Amino acid sequence: MRPVVTISPHSGFCFGVVYAVEMAEAYLKEHPYLYCLGDIVHNDEEVRRLQAKGLRTISHADLPNLSGETVLFRAHGEPPLTYELARRYNIRLLDASCPVVLKLQNRLREIDHPDVEIVLLGSPGHPEVIGLMGQIQQATLYVVSSAEEVDHLEFDPQKTVYLFSQTTKAPALFEAVKNRLLARRPDAIIADTLCRQVSNREPHLAVFARAQDVVLFVSGKKSSNGKALFSVCQAANPRSYFISRPEEIDFAWLEGAQRIGIAGATSTPQWLMEAVKAHVEAYFERKAEAISAD
């Protein structure tokens with residue numbers, strides 16, 4: 001009996017990534033190329049697909065050389081300095097910044113005062129975090145990636161403390177950081193800035209993973225959200241495996257499985273999960289044919 005291979009309905013691009021990719025594809029239908037500031041999405045397979053259509057990935061250092069060109073800002077958002085550079089070098093913008101990220105950027109600017117201290121839960125170096133940090137000019141900003149780091153922060157008792165989060169962080173981690181902060185500063189103002197379209201996937205994904213014998217989690221290795229969601233799968237089902245493309249599957253993982261689930265990050269395209277599904281089904285098709293031949 002061949003196993004049933006199912007793709008999780010709560011996987012794949014979030015609306016912010018869909019918006020950015022659709023904006024890029026629409027432009028490339030009318031133009032031979034488009035510059036994108038950084039990888040449009042943290043998935044190498046999707047980046048390669050769009051590069052074949054004319055998408056050219058650039059860095060901030062390239063902006064001075066692109067006068068008169070069009071540049072796409074991806075869903076992660078950018079700091080004000082990047083917009084200033086675009087104006088200075090006469091660059092046309094396709095701004096695909098996620099509305100959820102833009103809302104968070106606005107909230108940070110609103111409380112940016114010298115008498116404020118901001119704790120930001122985020123991954124240092126992540127493009128969204130860089131964009132968020134760029135909104136702060138006067139307040140004291142602390143970026144933490146774990147609850148334990150809160151213990152080492154030196155707060156000024158005269159200042160108001162806020163907690164914000166990178167939009168794609170795990171709810172459990174945010175809760176841990178919040179509790180640790182409130183233990184030190186009960187008066188801290190908590191701003192839950194998690195994207196619910198992302199965070200609401202976790203319980204659905206856990207249920208899906210428990211219903212499978214094996215889970216193949218498809219994600220780019222650079223995806224922060226991918227790492228978080230894969231940990232959810234692993235906790236629910238120890239037979240969960242992280243892959244970035246179909247060729248990375250070790251079919252020994254699937255031995256004895258009758259229910260094989262495929263899931264992905266908010267940066268994982270649907271076509272890639274479909275390709276993984278087809279690769280697995282083709283393997284079992286060949287296996288069945290070999291048995292019949294015997």
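In this report, the structure presented in the accompanying data block is examined. Just so it is clear, the structure is predicted and the values come from calculations on it, not from any experiment. (Residues numbered from 1 in each chain as written. Predicted model: local features only at pLDDT ≥ 70, side-chain atom pairs only at ≥ 80, totals over all residues. Heavy atoms only, no water.)

1. What about the pattern of salt bridges?
Now for step 1: Per the counting criterion, the structure on display carries 18 salt bridges.
Now for step 2: Put simply, Arg-87 and Glu-84 hold a salt bridge, and the shortest N to O gap is 3.0 Å. With a gap of three residues between them, Arg-87 and Glu-84 both fall in helix H3 (residues 80-88), about one helical turn apart.
Now for step 3: What emerges from the salt-bridge pattern is a single network uniting Lys-221, Arg-245, Glu-247 and Glu-248. (Salt bridge = Lys/Arg side-chain N within 4 Å of Asp/Glu carboxyl O. Helix = DSSP H or I, 4+ residues; strand = E, 2+ residues; numbered from the N terminus.)

2. Concerning the sheet that holds strand S1 (residues 4-7)
Now for step 1: The strand order across the open sheet built from four strands is S1-S12-S10-S11, with neighbouring strands paired in parallel fashion. Strands with a single pairing partner mark the edges of an open sheet, and in this sheet they are S1 and strand S11 (240-243). Ignoring strand direction, the axes of neighbouring strands in this sheet form an average angle of 20°.
Now for step 2: Where strand S10 (residues 214-218) lies against strand S12 (residues 259-264), five bridges are found, and the strand directions are parallel. Bridge pairing in S12 places Val-214 opposite Ile-260.
Now for step 3: Sitting on the sheet, helix H8 (residues 201-210) touches S1, S10 and S12, and the angle it makes with S12 is about 155°. (Pairing = 2+ DSSP bridges. Axes fitted to C-alpha atoms, helices over the stretch in contact; angles between N-to-C directions. Contact = heavy atoms within 4.5 Å.)

3. Digging into the pairing of strand S6 (residues 116-121)
Now for step 1: Burial runs high along S6: six of the six residues are buried.
Now for step 2: Here S6 shows a buried face lined by Val-116, Ile-118 and Leu-120 and a second buried face lined by Glu-117, Val-119 and Leu-121.
Now for step 3: Strand direction decides the pairing type here: S6 and strand S8 (residues 160-165), joined by six bridges, are parallel. Paired with Val-116 across the strands is Thr-160, a residue of S8.
Now for step 4: Taken together, the five bridges between S6 and strand S7 (residues 140-144) define a ladder with parallel strand orientation. Residue Leu-120 lies in a different strand from S7, and its bridge partner there is Val-143.
Now for step 5: Running through helix H5 (residues 127-133), the crossover from S6 to the neighbouring parallel element S7 is right-handed. (Buried < 20%, exposed > 50% of the residue type's maximum accessible area, 1.4 Å probe, protein only. Right-handed = clockwise from strand over helix to strand, strands pointing away.)

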